[in-house]
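So you can see what is in the structure, the chains are spelled out below.
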Amino acid sequence: MSRPTKLLETYKLGPITLANRLVMAPLTRNRAAPGTFVPSPLAADYYGQRASAGLLVTEASQISQQGQGYQDTPGIYSKDQVAGWRKVTDRVHERGGKIFIQLWHVGRISHVDLQANGAAPVAPSAIRAKGKTFVNGTFADVSEPRALELSELPGIIDDFKRATKNALEAGFDGVEIHGANGYLLDQFARDGANKRTDAYGGSIENRARLMLEVSRAVAAEAGADRTGIRISPVTPANDLSDSNPQALFDHIVDGLSALKLVYLHVVEGATGGARDIAPFDYAGLRKRFTGAYIANNGYDFDLATKVLDANAADLIAFGKPFISNPDLVERLKSGAALNDWDKTTFYGGGAKGYTDYPTLAAEPAE
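Residues numbered from 1 in each chain as written. Predicted model: local features only at pLDDT ≥ 70, side-chain atom pairs only at ≥ 80, totals over all residues. Heavy atoms only, no water.

An unreviewed UniProt entry annotates the chain as N-ethylmaleimide reductase originating from Bradyrhizobium japonicum.

Structure representation (structure tokens):
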């Protein structure tokens, strides 16, 4: 028996019709091929199993080697990576799903062992984050970054644009820009990490500049109606903070809305943590933005239904429940119990904890 909920209604996202309002959030799984960072053959099984979601957003995928911050995360900057992702999009489309790729530059959240010739990671300012990354099979402190030169920023924008072109070639239905969780675009935006005194530092307008310029370039390549972005206004993830996040993100969202991006994906509260970590007017962001609003962080069936019924969001992103429940849509529809997830298999490894979670139909894992 199906439970009544707007969560299971179809939704028109730009030119795409989604089968329901569930979004599978980006989930880093560290299973790309070492050295080439091509999505593993298992990735096609993993995303294909979850194609009943209204929209799949892939794990964050670096736009360049410089943009990588963790061991064995996939890229979208080489021909082999494009070919690897093509197998994923083909599988998802065969099963009637829709899929966007999340485009990523980690900025200072990286390690010299992941950078070309052992170079320092890059950042808006040479401020080392208090945090760790996963590299060489273990967790290590992130490396000391260097501040990007003004002359290097057009190259970063070009890398996002080239990755977008590659994503379309790989068959993705669209792209999501990663502007959240303390990575490069978020580092430029928030004054806890950005101490620049040039055109990309100081005022809110200057700090927001790179995120908006990247968004404009990506939308010009993919089409604004196939371009989304993820933000996390108050998360402390990766040692990031801002003195006035409401004013900052009001300005950013005004700029994103003017670009007519198809959706705004918002981590409400601390990423993977408390939703009420700091006061913030998310409803205000929704009013400012003309496209779809995807709400993210700690949602279950009841909260998702309540928020959709109140018209406080258009789509709801689920993260960890999708890891352990490839048929999450069917389980929520019928009220069936959810599988528990195994944290020890989140990052790295093979099929275990990746493609072997059981479905209600108890079909063999693919």
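**Student:** Please explain empty space enclosed by the protein as it appears in this structure.
**Tutor:** Here the idea is plain: a probe the size of a water molecule rolls over the atoms and shows the empty space left. Applying the stated criterion to the full structure yields one cavity of 30 Å³ or more. Considered as a void within the structure, the largest cavity measures approximately 40 Å³ in volume. What lines the largest cavity is Arg31, Ala32, Pro39, Ser40, Ala43, Glu59, Pro74, Trp85 and Tyr354. Partitioned by chemical class, the residues of the lining of the largest cavity number six nonpolar, one polar and two charged. (1 Å grid on protein atoms, 1.4 Å probe; cavity = no way out; pocket = protein on both sides within 12 Å on 5 of 7 lines; lining within 4 Å. Points joined across faces, edges and corners; volume = space filled by probe spheres on them. Nonpolar A, V, L, I, M, F, W, Y, C, P; charged D, E, K, R; others polar.)

**Student:** Quick question: what am I supposed to make of the packing of helix H3 (residues 153-169) against helix H5 (residues 204-222) here?
**Tutor:** In helix packing, the relevant descriptors are the interaxial angle and the interaxial distance, both defined with respect to the helix axes. At a closest axis distance of 9 Å, the pairing of H3 and H5 adopts a crossing angle of 30°. By the angle between their axes, H3 is roughly parallel relative to H5. When you trace H3 past H5, the crossing you get is right-handed. Seen from H3, the contacting residues are Ile157, Phe160, Lys161, Thr164, Lys165 and Leu168; seen from H5, they are Leu210, Glu213, Val214, Ala217, Val218, Glu221 and Ala222. Residues that form the contact of H3 with H5 fall into these classes: eight nonpolar, one polar and four charged. (Axes fitted to C-alpha atoms, helices over the stretch in contact; angles between N-to-C directions. Helix = DSSP H or I, 4+ residues; strand = E, 2+ residues; numbered from the N terminus. Parallel < 35°, antiparallel > 145°, perpendicular 65-115°, else oblique. Left-handed = near helix turned anticlockwise from the far one by under 90°. Contact = heavy atoms within 4.5 Å.)

**Student:** Help me understand the sheet that holds strand E5 (residues 99-104), please; the structure alone is not making it clear to me.
**Tutor:** For sheets, the rule is that strands pair by backbone hydrogen bonds, running either parallel or antiparallel. A barrel is described by the order of its strands in space; here eight strands give the closed sequence E3-E4-E5-E10-E11-E12-E13-E14, paired in parallel fashion. Neighbour-to-neighbour, the strand axes of the sheet open up by a mean angle of 25°, direction not taken into account. The sheet contact formed by strand E4 (residues 55-62) and E5 spans five bridges and is parallel. The residue of E5 that forms the bridge with Val57 is Phe100. Most of the contacts of H5 go to strand E11 (residues 227-231), to which it runs at about 155°, and overall it touches strand E10 (174-178) and E11. (Pairing = 2+ DSSP bridges.)

**Student:** Teacher, can you tell me more about the environment of His178 here?
**Tutor:** Following the sequence through the fold, His178 ends up in strand E10. Residues within four places of His178 in sequence aside, it is in contact with Ala60, Gln102, Leu103, Trp104, Tyr183, Leu185 and Arg230. Here Ala180 takes part through its backbone nitrogen, which lies 3.3 Å from a polar atom of the side chain of His178. (Polar contact = N/O pair within 3.5 Å; in protein donor to acceptor, adjacent residues only side chain to side chain.)

**Student:** Quick question: what am I supposed to make of helix H8 (residues 301-309) here?
**Tutor:** Spacing of three or four residues puts side chains on the same side of an α-helix, whose turn is 3.6 residues. Among the residues making up H8, those that are buried are Phe301, Ala304, Thr305, Val307 and Leu308. End-on, the buried residues of H8 take up no more than an arc of 165°, which puts them together on one face. Residues of H8 that are exposed and point over 90 degrees away from its buried face: Asp302, Lys306 and Asp309. Taken together, the buried residues of H8 touch strand E14 (315-318) and helix H10 (328-334). (Buried < 20%, exposed > 50% of the residue type's maximum accessible area, 1.4 Å probe, protein only. Arc of directions from axis to C-beta.)

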